[in-house]
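This is what each chain is made of:
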Amino acid sequence: MRSAHRVETVRTAERTLMARLPEGALMQRAAAGLAAACADTLPRVYGSRVVLLTGSGDNGGDTLYAGARLARRGAGVTAVLLAPDRTHPAALAALRRAGGTTTTPHAAAVPLSRADLILDGVVGIGGKGGLRPEAARLAELAAASPATVIAVDLPSGVEADTGEVHGAAVRADLTITFGTHKPGLLIDPAREYAGSVRLIDIGLAETLPPAPALESLQHADVAALLPHPSPESDKYRRGVVGIAAGSARYPGAAVLAVAGALRGGAGAVRYVGAAADAVLARFPETLVSNTGPKKAGRVQAWVAGPGAGDDPTPVAEALASDVPVLLDADGLRLADRDTVRTREAPTLMTPHAGEAAALLGISREEVEAARLTAVRDLARAYDATVLLKGSTTLIAGPDPDTPVRANPTGTPWLATAGSGDVLSGLAGSLLAAGLAPLDAASAAAYLHGLAGRYAADGAPTGAHDVAEAIPAAWRDITS
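Everything quoted here is computed from the prediction, not taken from an experiment.

With that out of the way, let us pick up the overall build of the protein chain. Tallying secondary structure elements over the protein chain gives 20 helices and 18 strands in all. Computed over C-alpha atoms, the radius of gyration of the protein chain comes to 25 Å, within 12% of the 23 Å expected from 2.2 N^0.38 for 479 residues, which places it in the range of a compact globule. Its C-alpha atoms put the protein chain at 80 × 45 × 45 Å along the principal axes. Among the 479 residues that make up the protein chain, the fraction classed as buried is 57%. Here the analysis covers contacts within the protein chain between residues at least 6 apart in sequence; of these, 68% occur between residues at least 24 apart. A total accessible area of about 19400 Å² is found for the protein chain, and carbon and sulfur atoms account for 50% of it.

Shown next, in the form of structure tokens:
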């Protein structure tokens, strides 16, 4: 699992660790790891041209010390000093002793255009807002250079705690981060600026708190969550999920939600809605009822809303049940907030950015620019678990002390009609199997992302293909 901690938490942990170490040891650990990672990206260190974009403070110090190590191995290293009077003095002296040179931002265009490697050490994890004009110009020159760009701890100009980007920022091919991930490295739009991310161990784990601000599950974590039938399993033990979805106008939403539930391992699916004929034609094993959720029969979870239209009754009946309920699409619009908040059984909501914006009373652009804030606000407003779909899918529980989860498997190929319906059915099947909403949403998002990649394989695909690829993704995770 990847864990990410907020800036203040990291700073506190660093202070605690530095008090136990010789002066400067922590910075030397970071610089050594950074220099080794830089060497790995170069065809050879000797004779390569390296440019350091160096600001003030410890981030600039890490960059300069790493540059000194590369210079001692024969690289030609030039440091562009944005704040000469506030540059880390010991690190700058080390660079010069190793044969490195310095220049000003005004004279940086030529060395940047000829560089093989550029290190971004302009702003550290405490930076706020976009880059200032002089640094923004350097970021533009770095982007135009053929060199590999490596961000030191975090791309300069992005918000470490939130993943927000306000103005100009460095776009890195690789980010080398120290001690722990920062939330912004796992959340768009900042994640897009980070490129690949590599974590360097500097011994910080022993002083960090056990609960991070954000976490990102990996294969092994999801494999541990996925349910497996036992020899004594029957359809009820495996989980029966109810699907209240579809309408005369949108029968396909019901078909795709049922597909997601069946491919997600549900023991059985009970369907209620206007698309019964379409569902049975595709999945004859579905248990169909025309009585609504209240009288449909035994289920362990309900999925309510995909393509349901304007009738609030099925959503209200599902919410009145004593089992977990997943609300998606029209179900989000039709659900009464107070009803959701006062339910004894848990609720999982799965909006995209536009739906989240409508529920929060803000613009879609505000949600997409501050995804972490939006998912937390929505979970708090509804006292529910919220899966916010998008370029980075985020899952937040109603307890503000529980880490938010960022899904790492998303792909742009999932931006296709009906993909969300498949995800709803898949997550509903995991709720019915007994997973807690946070785990069900996390595992479903992970599986859904992998299935999207498998179904597309670099070419256009549809939601039905994504559903059919879920078993392959499941096998890959659990093998």
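When the UniProt feature table is mapped onto this chain numbering, "binding site: AMP" (unreviewed entry) sits at K389, G390, S391, T392, T393 and G420. The named residues occupy 32 residues along the chain; their greatest pairwise C-alpha distance, 14.1 Å, places them in one compact cluster. Tracing the backbone through its elements, the reader meets G390 in the loop between strand 16 (385–388) and strand 17 (394–396). For G390, a relative accessible area of 42% gives the class partly exposed. Looking at the element boundaries, T392 is found in the loop between strand 16 and strand 17. Not counting residues up to four positions away in its chain, the partners in contact with T392 are L186, I187, D188, R191, R371 and A406. A distance of 2.9 Å separates a polar side-chain atom of T392 from the backbone nitrogen of D188.

Across the junction of D188 and P189, the peptide omega takes the value 5°, indicating a cis bond. Tracing the backbone shows P189 in the loop between strand 7 (174–178) and helix 7 (190–194). The phi dihedral of D153 falls on the positive side, at around 75°, and the residue is not glycine. Here D153 lies in the loop between strand 6 (148–152) and strand 7.

Attention now moves to the sheet that holds strand 5 (residues 117–121). Consider a sheet: its strands pair through backbone hydrogen bonds, and that pairing is either parallel or antiparallel. The sheet built from seven strands is open, its strands ordered 4-3-2-5-6-7-8 with parallel pairing. The sheet is open, and its two edges are formed by strand 4 (101–103) and strand 8 (196–200), each paired on a single side. Across this sheet, the average inter-strand angle for adjacent strands is 25°, counted without regard to direction. In terms of strand pairing, strand 2 (residues 49–54) meets strand 5 through five bridges, oriented parallel. Bridge pairing in strand 5 links L53 to D120. Helix 3 (residues 57–72) contacts strand 2, strand 3 (76–81), strand 5, strand 6 and strand 7 of the sheet and is inclined by roughly 165° relative to strand 2.

With that settled, the discussion passes to empty space enclosed by the protein. Tallying each qualifying case throughout the model produces one cavity of 30 Å³ or more. Quantified by volume, the largest cavity comes out at close to 50 Å³. Lining the largest cavity, in full, are E215, S216, L217, I395, R405, A406, N407, P408, S442 and Y446. Residues belonging to the lining of the largest cavity are distributed by class as follows: five nonpolar, three polar and two charged.

L34, L52, V77, I150, I176 and F178 are the most contacted members of the largest nonpolar core, which totals 55 residues. Among the elements that line this core, the one with the most residues is helix 2 (residues 25–41), at nine residues. Excluding its chain neighbours within four sequence positions, the residues that come into contact with F178 are A30, L34, D62, V152, D153, L199, I200 and I202.

Along the chain, A268 falls in strand 11 (residues 268–272). With a relative accessible area of 8%, A268 lands in the buried category. In contact with A268, not counting residues within four places along its chain, are K235, G239, V240, V241 and L287.

A few words on the side chain of N59. Mapped onto the secondary structure, N59 falls in helix 3. The class of N59 is buried, set by a relative accessible area of 8%. In contact with N59, not counting residues within four places along its chain, are D120, G121, V122, V123, G124, V152 and D153.

Here we take up the sheet that holds strand 15 (residues 347–349). Spatially, the eleven strands line up as an open sheet ordered 1-9-18-17-16-15-14-13-10-11-12, and their pairing is mixed. Across the chains shown, the open sheet's two edge strands, defined by having one partner strand only, are strand 1 (2–4) and strand 12 (287–289). Sheet twist, expressed as the average angle between the axes of neighbouring strands with direction ignored, equals 20°. Sheet topology places strand 14 (residues 325–327) next to strand 15; three bridges connect them, and they run parallel. Across the sheet, the residue bridging to L327 is M349, located in strand 15.

Compared with an ideal rise of 1.5 Å per residue, which puts twelve residues at 16 Å, helix 1 (residues 7–18) spans 16 Å between its outermost C-alpha atoms and is within 8% of the ideal. Turning to helix 1, its buried residues are V7, V10, A13 and L17. All buried residues of helix 1 fall inside an arc of 130° around its axis, so they share one side. Looking at the buried positions of helix 1, the neighbouring elements they touch are helix 2.

One pass over the structure, following the stated rule, counts 18 salt bridges. In this structure, R6 engages D161 in a salt bridge whose closest nitrogen and oxygen atoms are separated by 3.5 Å. Taken together, the residues R6 in the loop between strand 1 and helix 1 and D161 in the loop between strand 6 and strand 7 connect sequence positions 155 residues apart. On the basis of relative accessible area, D161 is assigned to the buried category, the value being 10%.

Within strand 10 (residues 240–244), five of the five residues are buried, which leaves the element mostly enclosed by the surrounding structure. Across the two faces of strand 10 the burial is the same, with V240, G242 and A244 and V241 and I243 all buried. Pairing analysis gives five bridges linking strand 10 to strand 11, with the strands arranged parallel. Bridge pairing in strand 11 links G242 to R270. In this region the chain leaves strand 10, passes through helix 10 (residues 251–263) and returns to the parallel neighbour strand 11; the handedness of that crossover is right-handed. By the bridge criterion, four bridges tie strand 10 to strand 13 (residues 301–304) in an arrangement that is parallel.

About the thresholds
Residues numbered from 1 in each chain as written. Predicted model: local features only at pLDDT ≥ 70, side-chain atom pairs only at ≥ 80, totals over all residues. Heavy atoms only, no water. Helix = DSSP H or I, 4+ residues; strand = E, 2+ residues; numbered from the N terminus. Rg over C-alpha atoms; globule rule 2.2 N^0.38 Å. Buried < 20%, exposed > 50% of the residue type's maximum accessible area, 1.4 Å probe, protein only. Contact = heavy atoms within 4.5 Å. Areas by Shrake-Rupley, 256 points an atom, 1.4 Å probe, with all protein chains shown as cover. UniProt positions renumbered as here; feature names shortened; annotations may be inferred. Polar contact = N/O pair within 3.5 Å; in protein donor to acceptor, adjacent residues only side chain to side chain. Pairing = 2+ DSSP bridges. Axes fitted to C-alpha atoms, helices over the stretch in contact; angles between N-to-C directions. 1 Å grid on protein atoms, 1.4 Å probe; cavity = no way out; pocket = protein on both sides within 12 Å on 5 of 7 lines; lining within 4 Å. Points joined across faces, edges and corners; volume = space filled by probe spheres on them. Nonpolar A, V, L, I, M, F, W, Y, C, P; charged D, E, K, R; others polar. Core = buried A, V, L, I, M, F, W, Y, C linked by side-chain atoms within 4.5 Å. Expected span 1.5 Å × (residues − 1). Arc of directions from axis to C-beta. Salt bridge = Lys/Arg side-chain N within 4 Å of Asp/Glu carboxyl O. Right-handed = clockwise from strand over helix to strand, strands pointing away.

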